[in-house]
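Structural characterization, general
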Amino acid sequence: MTATHTRAANLVLTALESAVRAPSPHNTQPWRFEIGDDRIDVHLDPARVLTVVDPDGREARLSCGAAILNIQLALRASGRASAVHLLPDRARPAHLATVWLQGQCPVTPEDRAFARAITFRRSNRRPFADRPVARWIRHSLVRAASLEGASLALLERPAELDRLAGLLRHAEHLQSEDPAFQEELRRWTAGGGHRDDGVSPSAGGPRQAPGALLTLRSYPGAEDRPERPYESEPLVAVLSSFTDTPLAQLRTGQALQRVLLTGTTAGVSASFLSQPVEIGATRRELRELLGGQACPQAVLRFGYGFATPATPRRRPEAVSRPRSQ
Ligand SMILES: Cc1cc2nc3c(=O)[nH]c(=O)nc-3n(C[C@H](O)[C@H](O)[C@H](O)COP(=O)(O)O)c2cc1C
């Protein structure tokens, strides 16, 4: 193997190590990659789409959008530009993107910070400090979404937050009463942390004290945890797209990851509150809450968090193969 080939292989490995660090619902990691000389193809893995909670693959496409942004950012931090073609083949909707490797580009300190943040970002389900998120960070989060063509609405008015909290309680109740939902959740949380996918017990937070405003997703095993109060004035935001097509969902996945990484670089943690966007009726109500135009894709909670362990991933070798010509 020549030095050029070794460099290219290392570059692709770095990009894929970053890709697999993207968030995904129940840590399903619904992606596969094909490697060519000057390209990385991203495919949806239909066997890893959650059939109960995500029958249309919307959340899986958000996750793959996040993985695509990670590839772009990792290449950029290694001094390589890239060009992304989303949904390049109409006849094959599971072929989500081709990332074309382009020429050299200068690396900025911001590129390095974003690439580092990919490794440190976590879904942090623990209580956050009782301190409001700084205004400049709120603005950066909103800007990050718009840079990728999505919109992030911060629910800063108490009345909006209360309505969101009501939708969250209602959706969580419906999911907790749905045996198929519970069975799917159990399948992705079984294994006690001895697997490279699914949500491990160490990723959970303490039990919420009664009367908590926001209802976090209740993972099996949480009943045995100690009870703690959560932050009294949480920052909640809804990430939306302008249409609900697969293309818009991929773009919003890129926006989701840019928002999360922007938070990480500013020292702000996030966790998801997806229940209301996973049920048709509550998703429609959320849309009304936002003014009736936007398509809500993800609900996020931000704050100053304390350290939380990384959730495992399948290795790049397990999710990629050379591209067949
Ligand atoms: C579209 C989407 C929806 C998610 N919904 C929830 C949720 O409702 N509650 C939650 O605690 N985590 C949720 N997650 C976070 C995943 O469980 C998490 O990304 C995964 O376990 C990997 O962990 P990490 O984000 O710490 O790397 C969601 C992630 C994605 C991408």
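See the structure shown above.
The following paragraphs examine the structure supplied in this document. Remember, predicted model here, so these are calculated numbers, not experimental data. (Residues numbered from 1 in each chain as written. Predicted model: local features only at pLDDT ≥ 70, side-chain atom pairs only at ≥ 80, totals over all residues. Heavy atoms only, no water.)

In an α-helix there are 3.6 residues to a turn, and that puts residues three or four apart on one side. Listing the buried residues of helix α8 (residues 280-289) in full gives Thr282, Arg283, Leu286 and Leu289. Across the axial projection of α8, the buried residues extend over an arc of 110°, all falling on one side. Those residues of α8 that are exposed and angled more than 90 degrees off the buried face are Arg284 and Glu288. Among the structural elements, α2 (58-77), α5 (158-176), β8 (235-241) and β10 (295-303) are those in contact with the buried residues of α8. Within two residues after α8, Gly291 carries a phi angle of roughly 110°, on the positive side. (Buried < 20%, exposed > 50% of the residue type's maximum accessible area, 1.4 Å probe, protein only. Helix = DSSP H or I, 4+ residues; strand = E, 2+ residues; numbered from the N terminus. Arc of directions from axis to C-beta. Contact = heavy atoms within 4.5 Å.)

This part covers the site of the ligand. Neighbouring the ligand are 19 residues; Arg121, Ser123, Arg125, Ser274 and Arg313 lie closest to it. Here an oxygen atom of the ligand sits 2.6 Å away from a polar atom, N or O, in the side chain of Ser123. Relative to its unbound accessible area of 620 Å², the ligand is 98% covered by the protein chains. Counting residues per element, the shell around the ligand draws most heavily on α2, at 3 residues. For the shell around the ligand, the residue count by class is 6 nonpolar, 7 polar and 6 charged. Each of domain 1 (3-120) and domain 2 (135-303) contributes no fewer than three residues to the shell around the ligand. (Near = heavy atom within 4 Å. Polar contact = N/O pair within 3.5 Å; in protein donor to acceptor, adjacent residues only side chain to side chain. Areas by Shrake-Rupley, 256 points an atom, 1.4 Å probe, with all protein chains shown as cover. Nonpolar A, V, L, I, M, F, W, Y, C, P; charged D, E, K, R; others polar. Domains from an automatic or database assignment.)

Okay, the packing of helix α3 (residues 109-120) against helix α7 (residues 246-265) next. At their nearest, the axes of α3 and α7 sit 9 Å apart, and the two run at 95° to each other. Between α3 and α7, the angle is such that the two are roughly perpendicular. Along its contact with α3, which presents Ala113, Phe114, Ala117, Ile118 and Phe120, the element α7 presents Arg258, Leu261, Thr262, Thr264 and Thr265. The class makeup of the residues in the contact of α3 with α7 is 6 nonpolar, 3 polar and 1 charged. (Axes fitted to C-alpha atoms, helices over the stretch in contact; angles between N-to-C directions. Parallel < 35°, antiparallel > 145°, perpendicular 65-115°, else oblique.)

Scanning the entire structure with this criterion turns up 22 salt bridges. For Arg315, the salt bridge goes to Glu17, with nearest N and O atoms at 3.2 Å. Of the two residues, Arg315 is situated in the loop between β10 and β11 (320-322) and Glu17 in helix α1 (residues 3-19); the sequence distance between them amounts to 298 residues. Given the relative accessible area of 44%, Arg315 is considered partly exposed. With relative accessibility at 32%, the residue Glu17 sits in the partly exposed group. A salt bridge links Arg195 to Asp197, with the shortest nitrogen-to-oxygen separation between them at 2.8 Å. Looking at Asp197, the relative accessible area reads 10%, which means it is buried. Each member of the salt-bridge network shares a partner with another, and the members are Asp45, Arg48, Arg195 and Asp197. (Salt bridge = Lys/Arg side-chain N within 4 Å of Asp/Glu carboxyl O.)

Treat this as a map of the structure, not an account of what it does.
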